[in-house]
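Okay, here's what each chain looks like letter by letter:
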Amino acid sequence: MKHVAVVGTGYVGLVAGTCFAETGNQVICVDIDKAKVEKLRNNVVTIYEPGLEVLFKRNLREKRLHFTTELAEAMESCDIIFLALPTPPGEDGSADLKYVLGVAKEIGKLIKSYKVVVNKSTVPVGTADKVRAAIAEHATCDFDVVSNPEFLREGVAVDDFLKPDRVVIGSSSERATEVMQQLYEPFVRQGNPILVMDERSAEMTKYAANSMLALRISFMNEIANLCDKVGANVDMVRRGIGTDFRIGKHFLYPGVGYGGSCFPKDVKALIKTAQDYEYNFQILKSVECVNESQKHLLVQKIEAYYGGREHIAGKKFAMWGLSFKPNTDDIREAPSLVVIHALLEMGAEIVAYDPEAMGHVKQIVGDKVTFASLAEDALNDADALIIVTEWNEFRNPDFNSVKKRLKHHLIFDGRNVFDNHKMKELGFEYYSIGRPTCQL
Ligand SMILES: NC(=O)c1ccc[n+]([C@@H]2O[C@H](COP(=O)([O-])OP(=O)(O)OC[C@H]3O[C@@H](n4cnc5c(N)ncnc54)[C@H](O)[C@@H]3O)[C@@H](O)[C@H]2O)c1
Ligand SMILES: O=c1ccn([C@@H]2O[C@H](COP(=O)(O)OP(=O)(O)O[C@H]3O[C@H](CO)[C@@H](O)[C@H](O)[C@H]3O)[C@@H](O)[C@H]2O)c(=O)[nH]1
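Analysis parameters
- Residues numbered from 1 in each chain as written.
- Chains lettered and ligands numbered in written order.
- Predicted model: local features only at pLDDT ≥ 70, side-chain atom pairs only at ≥ 80, totals over all residues.
- Near = placed C-beta within 6 Å.
- Helix = DSSP H or I, 4+ residues; strand = E, 2+ residues; numbered from the N terminus.
- Nonpolar A, V, L, I, M, F, W, Y, C, P; charged D, E, K, R; others polar.
- Domains from an automatic or database assignment.
- Buried ≥ 20, exposed ≤ 12 C-beta atoms within 10 Å, placed from the backbone.
- pLDDT = per-residue confidence, 0-100.
- UniProt positions renumbered as here; feature names shortened; annotations may be inferred.
- Contact = placed C-beta atoms within 7 Å.

A.B. asks: For this particular structure, what's the right way to read the site of ligand 2?
C.D. replies: In the vicinity of ligand 2 lie 20 residues, with Glu-154, Tyr-253, Tyr-258, Gly-260 and Cys-262 positioned nearest. By residue number, the principal contributor to the shell around ligand 2 is helix α9 (residues 199-230), which donates three residues. Of the residues that constitute the shell around ligand 2, the class distribution is 11 nonpolar, five polar and four charged. Summarising the domain contributions, the shell around ligand 2 has at least three residues from each of domain 1 (3-197) and domain 2 (206-293).

If you want it as C-alpha cells, here you go:
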C-alpha cells in the first residue's frame with residue numbers, strides 16, 4: 001500500500017485517484033476549486049464518466065479516498081505525488097505549463113522527505129527537467145521526477161485506467177522506477193507491459209500516440225470525401241482496409257472531425273514543438289487543416305442541398321448530439337458548436353437534444369438554441385434532422401414517429417449512424433459522410 005497525492009482533481013486526477021484507491025492505496029486529491037472539493041467530499045462525482053461513481057463512492061466510504069484544497073496537507077504523508085493539472089494551449093499553440101510549474105515550485109517548498117513527483121499531464125518534451133528545476137529551487141530533501149503520460153479515453157476512462165494497454169514510465173532513477181512499478185503492478189497483471197524509458201521519450205510517446213490517432217481520422221475523412229466524389233462507399237473501404245492486421249480496425253471512422261480536450265490541443269502542441277526545433281512537421285499540419293475543414297462539411301452539405309446559404313434563413317433544424325463524442329458531457333472543441341454557430345449565422349432555428357451535454361452548450365449559446373428533453377421532441381415540425389454525435393440511443397429510433405414529426409423526411413448524418421439502403425427503403429432523403437446519398 002502506498003500513500004498517493006493527486007494534484008488536480010479534474011478528469012484525469014479524479015479517475016486516477018479513484019483507481020489508485022480501488023487498488024488499496026491511500027489517496028488524497030488536491031484541487032484549488034473549493035466548490036469541487038466540497039462536492040467530492042460530500043459524495044458527489046463531479047464528472048460524467050460511466051462506471052466511476054460506484055468505485056468513487058466505495059473508496060470514499062471505506063476512507064481510502066480523501067479530498068482537500070490544501071497542498072500542504074497532501075504533502076505530509078504521501079510517497080508519490082501525481083500532477084494531473086491542465087496544460088491548455090497558449091496563443092502560439094504551445095502547451096501552457098504555468099499550472100504544472102507553479103505547483104512544482106510549491107511542492108519544493110513543502111516536502112520534508114523523499115518523494116516521487118510524477119507528471120501525468122500531457123506536456124512537451126523537456127518538461128520533466130523544468131519540473132525538476134522548479135522543485136529544486138526550494139527543496140531541502142531528495143526527490144525524483146517521473147513522466148507517466150496518461151492514455152485514458154473519456155467515456156471508457158475507468159476501464160482504460162484499470163486495464164491499460166501499457167503503462168509508460170519515463171524515469172532516470174532506479175528508486176523512483178521501483179516505486180512506480182509497485183504502484184502499477186495491479187493494473188498490468190493481465191500481461192500488458194510497463195514500459196520504462198527516459199523522460200523525453202515518455203513525453204514524446206504521448207504526443208506521438210495522439211497525433212497518430214488524429215492522423216488516422218483525418219486520413220479517413222479525406223478518403224470519405226473522395227468516396228463522395230467517385231461514388232464509392234467509405235463503410236466498405238473502411239472494412240476493406242481495417243481487416244488488414246497491419247492497419248487494424250480502430251480509429252477509421254470518418255465524420256465531422258475530431259474534437260475534445262486532447263487531440264486538437266496536442267496536435268497543435270507537437271507542431272509547435274517541431275517549430276521550436278526548426279522542424280517543419282508537414283503531415284501534422286495537414287492533419288489539423290483537414291480537421292478544421294471537416295468540421296464545416298455538414299453545413300456545406302446542407303447549404304448545397306438548399307442551393308445556397310441565403311435559403312437557410314428561417315429553416316428549422318433538429319440536432320441530435322452535442323458532446324464531442326458519445327458517453328461524455330464534454331463539449332470542448334466539439335464539432336457541434338461549429339455547426340450551431342454556422343447555422344445560427346445563416347438565420348436558421350435549432351432545436352437540440354443530447355443525453356448529457358445540453359447544460360454545457362446552453363452556457364455558451366444561451367437561448368439562441370432551444371433544447372428538447374427527449375430526442376423525439378426535437379424533431380417536431382423541423383425541416384431536417386442533423387446528427388452530430390453517435391450516441392447509442394440515436395441508432396434505432398422509431399422511424400415512423402421520426403417521419404410523422406419531421407416536416408420533410410430529410411436527414412444529414414455527420415456520423416454515419418444509419419444504413420443508407422435502409423433509409424431509402426424507409427423513405428428518407430439521407431446524406432451521410434463518404435457514402436452514396438439516398439435521394440428519393
Ligand atoms: N481529459 C482526458 O481525457 C485526458 C486524458 C489523458 C491526458 N490528459 C491530460 O491530463 C491533464 C489534465 O487534464 P484534465 O482533463 O484532467 O483537466 P481538467 O481541466 O479536467 O482538470 C484539471 C484540474 O486541475 C485543477 N487545478 C488547476 N490549478 C490547480 C492548482 N494550482 N492546484 C490544484 N488543482 C489545480 C482544476 O481546478 C481542475 O479541477 C492535461 O494535460 C490533459 O492534456 C487528459
Ligand atoms: O474513428 C474515429 C475515432 C474517433 N473520432 C473522434 O476523435 C475524437 C477523440 O475521440 P477519443 O480518442 O475516443 O476521445 P478522447 O477521450 O479525446 O481520447 C483521446 O485523447 C486522450 C487525451 O490525451 C487520450 O488519453 C486518449 O488515448 C485518446 O484516445 C472524438 O471527437 C471522436 O468523435 C473519429 O472521428 N473517428
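A.B. asks: When you look at the site of ligand 1 in this model, what are you seeing that I'm missing?
C.D. replies: Not every one of the 26 residues close to ligand 1 is listed here, only the nearest: Gly-8, Gly-10, Tyr-11, Val-12 and Ser-121. Taken together, the residues of the shell around ligand 1 break down into 12 nonpolar, nine polar and five charged.

A.B. asks: Even after reading the chapter, I still don't get helix α14 (residues 335-345), so can you show me in this structure?
C.D. replies: Since there are 3.6 residues in each turn of an α-helix, residues three or four apart along the chain are aligned in direction. Where α14 is concerned, the buried positions are Pro-335, Ser-336, Leu-337, Val-338, Val-339, Ile-340 and Leu-343. Once α14 ends, the next one or two residues include Gly-347, with phi positive near 90°.

A.B. asks: Before we go on, may I ask you to explain the confidence of the model for the protein chain in this structure?
C.D. replies: Regions with low pLDDT should not have their predicted coordinates read in detail. Here the protein chain shows a mean pLDDT of 96. Residues at 70 or above account for 99%. Both scores are given for the predicted complex: the pTM is 0.96, the ipTM 0.98.

A.B. asks: Teacher, can you tell me more about the UniProt feature "binding site: substrate" (unreviewed entry) in the protein chain here?
C.D. replies: Within the UniProt annotation, "binding site: substrate" (unreviewed entry) is assigned to Phe-151, Leu-152, Arg-153, Glu-154, Lys-206, Phe-251, Leu-252, Tyr-253, Pro-254, Gly-255, Gly-259 and Lys-325. Annotated residues spanning 175 residues; largest pairwise C-alpha distance 23.9 Å, indicating distribution over more than one region. Within the element layout of this structure, Glu-154 appears in the loop between β6 (143-147) and α7 (157-162). Judged by C-beta crowding, with 25 C-beta atoms within 10 Å, Glu-154 ranks as buried. Apart from the residues within four sequence positions on either side, Glu-154 is in contact with Tyr-11, Glu-49, Gly-260, Thr-328 and Asp-330. Along the chain, Lys-206 turns up in helix α9. Non-local contacts of Lys-206, meaning those with residues more than four positions away in its chain, are made with Thr-122 and Pro-149.

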